[in-house]
Amino acid sequence: VQLTWNPPVNYLQNGVVTGYVVKYFSADSRLAPRIGSQSTLQLTAAAQIAPVTVGSLVPVVNYTFTIIAVTAIGPSLIFAKTTVLTDSALPIAGPTGVSVTSPASACAGSTCTA
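These notes cover the structure that comes with them. (Residues numbered from 1 in each chain as written. Predicted model: local features only at pLDDT ≥ 70, side-chain atom pairs only at ≥ 80, totals over all residues. Heavy atoms only, no water.)

Attention now goes to the packing of aromatic side chains. This structure, assessed with the given rule, holds four aromatic pairs. When the centroid spacing of 5.4 Å and the interplanar angle of 65 degrees are considered together, the rings of Trp5 and Tyr20 count as edge-to-face. Separated by 15 residues along the polypeptide, Trp5 in the loop between β1 (2-3) and α1 (10-13) and Tyr20 in strand β2 (residues 19-25) bring together distant segments of the chain. In this structure Tyr20 comes out as buried when scored by relative accessible area, which is 0%. Ring pairs connect the aromatic residues Trp5, Tyr20 and Phe79, which therefore count as one cluster. (Phe/Tyr/Trp six-rings, centres within 6.5 Å; stacked < 30°, edge-to-face > 60°. Helix = DSSP H or I, 4+ residues; strand = E, 2+ residues; numbered from the N terminus. Buried < 20%, exposed > 50% of the residue type's maximum accessible area, 1.4 Å probe, protein only.)

Printed below as a string of structure tokens:
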């Protein structure tokens, strides 16, 4: 998942932004051992310029991402929040070792019909 955001509006900044905290979690029951746990990324202020990529996510799962600005005084309120459904996992290769057997009467030379 790739995240981008704009800095919070001035009245929510509580000073000069020195970094951001990105938290993400999923309440999906398929992730039972991880329910209720959150992952956190600590980012520098420069991270607002480029997209941030969060990897190692489970396919076809809803994740909620929140972004908090940090100043010398402390963290702001959550100023950005979104929920994203991750893409399905794509197969790496097709099946191997598959063969088709057809009755000889259906084959004429190298062409078989059904």
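Core analysis: the largest hydrophobic core is formed by 14 residues, its most contacted members being Trp5 and Phe65. In this structure Phe65 touches Val1, Leu3, Val22, Lys23, Tyr24, Val54, Leu57, Ala80, Lys81, Thr82 and Val84, once residues within four positions along its chain are discounted. (Core = buried A, V, L, I, M, F, W, Y, C linked by side-chain atoms within 4.5 Å. Contact = heavy atoms within 4.5 Å.)

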